[in-house]
Amino acid sequence: MKDYKAIYEEWLSNPYFDQETKEELRAIRADEKEIKERFYMDLEFGTAGLRGVIGAGINRMNIYTVRRATQGLADYILEQGGAERGVAIAYDSRRMSPEFSDEAARTLAANGIKAYRFESLRPTPELSFAVRELGCIAGINITASHNPPEYNGYKVYWEDGAQFTPPHDKGVTEKVMAITDLSAVRTMSREEAEASGLYVTIGAEIDDKYIAQVKAQVVNQAAIDRMQDQISIVYTPLHGTGNIPARRVMKELGFEHVYVVPEQELPDGNFPTCPYPNPEIRQAMQKGIDLCELVHPDLLLATDPDADRVGVAVKNGDDYLLLTGNEMGVLLLDYICKTRAARGEDLTKKVAVTTIVSSAMVDALAEEYGFELRRCLTGFKYIGEQIALLEAGGHPERYIFGFEESYGYLSGPHVRDKDAVNAVLLICEAAAWYAKKGMTLGDAIDALYAEFGCFCNAQKSFTFAGETGMEKMASLMSGLRTHPLQSVAGLPVEGFTDYEQDGTGLPKANVLEYRLPGGAKLYCQKHCLYCNIHRRSSAGQCAAVRGGLCHAGGKTIRLGELNQLQQPMYNAKVQQGRQALHQ
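J.: When you look at the packing of helix 6 (residues 124–133) against helix 9 (residues 204–215) in this model, what are you seeing that I'm missing?
T.: A pair of packed helices can be characterised by two numbers: the angle between their axes and the separation between those axes. Two numbers describe how helix 6 lies on helix 9: the axes approach to 10 Å, and their chain directions differ by 105°. Compared by their axis directions, helix 6 and helix 9 come out roughly perpendicular. Packed against helix 6, whose contacting residues are Pro125, Glu126, Phe129, Ala130 and Glu133, the element helix 9 presents Ile206, Asp207, Lys209, Tyr210 and Gln213 at the interface. Counted by class, the contact of helix 6 with helix 9 contains five nonpolar, one polar and four charged residues.

Here is the structure:
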């Protein structure tokens, strides 16, 4: 732990730090706990970059920690000889996002590296596209995705348009961590940077090319043409970046009846109508559902603040059903396969990619259609890595779809990150295709359950905040790794895999896999638990999935039973730690 009191005093006395920052720090002088939280460690620069609470201090997101991260990236780029290629920069609607992106651009310029900064907020996938389109060595995206409003973040992309992977993630991280004196970081004024040609503003010219590539991902234009004037859609950008590009795509494809949730239409980093702007949860979708009750659309779409994820809801009796990320991923992949197979394409030459924690239902689709299924670690950068491998082999056209259970989808190689604008296009197209058959998307996933069997998936995330949070997470994972569970929710553990060990065929990762009877699996990684259970079941059992029940090994599991795994206080001495965690 760092000498937090000394660093706090240094920030107050050093003329490098601005007066507004010092005033914020003076206001907490009597609160040692808060001072410690802000200064006991550097904000972690992880495998995707930075993410943290906005505020003054080395453990916060502010202009100084952004400069430090950018200096480390610049040092690595210079070492790699890529300065002349430049770096693309985008940002979302969050508080301080414009300021952080400007600071990053000026630090790059001060290091002789050209920065291509978007003129205003843009979706995450467009940053990925811009990196590739402009031939940049790297990209920076200022966003904290769907986290609460007090957060912001800094994500790094490499030349392939994906978030950086080994060895570049390790290389940049080492450069960032080597910077101990924030006042030594280079910067320059925007005016100087622009005059030197190292600060370039980009906008409409990239937008048009990106939208053209998204529209090129249409699978069956005829399906859209037949129903475009009959399908109605409620859409919300959740105060984020999706408003303009998603609506543009729907309009240019011909969907005439699109209703936008007025309270969530405009960008607002305070997210006043949804404190947790995550389209995976009903609270964030509620304003959209309220509008649905008035206009009675065929579907509700919600993109998260940086427009890389999309949530979907459809009418279900007297209420609205929120389709899960796994359900939507399976439905879209099946639709793509159905359509391509109908026109005579050989799907045995195609590749779909998903993650180890995504639904086992994808395996059933692969068996049915014959495509190659590749599974990777969680994080869409690993899906992007698989697309890059296909491209390097000269066959990017083999890729047909990729998704992760956390509501991220991509059907083309135009970007290397999940793309909610692309997903909006596909979802609307699939809805039109099914509407012609008199079916909703809810009917469609029920039909797939009836055909392939019932597949249940649940995720439970836990928050470990503050100084002791990381220690608790590390202790929990260490206990589960050293003393693997023997049972979960009353089911015996039949197999165990530690992805930090060799032999998995994937990069080493802090992930544990428990295999249970009936094909059920439980994955643990840091603060998340994933439960994947599948079984070829009766219609009644499939209906029970939506009621929060799963069936495995002859036992019914209530998803709430996963809560027993929340407790971090894991006593390894009791039965040598070989028992399920209990509340």
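J.: Is there a simple way to explain the packing of aromatic side chains in this structure?
T.: The description of two aromatic rings rests on the distance between their centres and on the angle between their planes. The final tally for this structure, using the stated rule, is 15 aromatic pairs. With centroids separated by 5.3 Å and ring planes inclined at 80°, the aromatic side chains of Tyr16 and Phe17 adopt a geometry described as edge-to-face. Ring geometry for Trp433 and Tyr434: centres 4.9 Å apart, planes at 90°, overall edge-to-face. The class of Trp433 is buried, set by a relative accessible area of 17%. Using a relative accessible area of 4% as the deciding quantity, one classes Tyr434 as buried.

J.: So what exactly am I meant to see when it comes to the pattern of salt bridges here?
T.: Opposite charge on two side chains lets them pair, provided their charged atoms get close. Scanning the entire structure with this criterion turns up 40 salt bridges. Across the pair Arg60 and Glu37 runs a salt bridge, and its minimum N-O distance is 3.8 Å. In this pair, Arg60 is assigned in the loop between strand 1 (49–53) and helix 4 (63–80) and Glu37 in helix 3 (residues 32–39), connecting sequence segments 23 residues apart. Per residue, the accessibility class of Arg60 equals that of Glu37, and both read buried. In this structure, Asp208 and Arg248 form a salt bridge, with 3.0 Å as the shortest nitrogen-oxygen distance. In this pair, Asp208 sits in helix 9 while Arg248 sits in helix 11 (residues 243–253), placing the two residues 40 residues apart along the sequence. Judged by relative accessible area, Arg248 falls into the partly exposed class, the value being 28%. Three or more residues joined by partner-sharing salt bridges are found here, namely Glu24, Glu34, Glu37, Arg38 and Arg60.

J.: Can you walk me through the sheet that holds strand 7 (residues 232–236) in this structure?
T.: Paired through their backbone hydrogen bonds, the strands of a sheet run either parallel or antiparallel. Within the open sheet, the five strands sit side by side as 8-7-9-10-11. Their pairing is mixed. With partners counted over all chains shown, the strands left at the sheet margins are strand 8 (257–260) and strand 11 (319–323), one partner each. Averaged over all pairs of adjacent strands, the angle between strand axes in this sheet comes to 25°, irrespective of strand direction. In this structure, strand 10 (residues 310–316) lies alongside strand 11, joined through five bridges in antiparallel fashion. Considered in strand 11, the bridge of Val314 is made with Leu321. Lying over the sheet, helix 17 (residues 441–452) contacts strand 9 (299–303), strand 10 and strand 11, oriented at roughly 90° with respect to strand 10.

Thresholds applied
Residues numbered from 1 in each chain as written. Predicted model: local features only at pLDDT ≥ 70, side-chain atom pairs only at ≥ 80, totals over all residues. Heavy atoms only, no water. Axes fitted to C-alpha atoms, helices over the stretch in contact; angles between N-to-C directions. Helix = DSSP H or I, 4+ residues; strand = E, 2+ residues; numbered from the N terminus. Parallel < 35°, antiparallel > 145°, perpendicular 65-115°, else oblique. Contact = heavy atoms within 4.5 Å. Nonpolar A, V, L, I, M, F, W, Y, C, P; charged D, E, K, R; others polar. Phe/Tyr/Trp six-rings, centres within 6.5 Å; stacked < 30°, edge-to-face > 60°. Buried < 20%, exposed > 50% of the residue type's maximum accessible area, 1.4 Å probe, protein only. Salt bridge = Lys/Arg side-chain N within 4 Å of Asp/Glu carboxyl O. Pairing = 2+ DSSP bridges.

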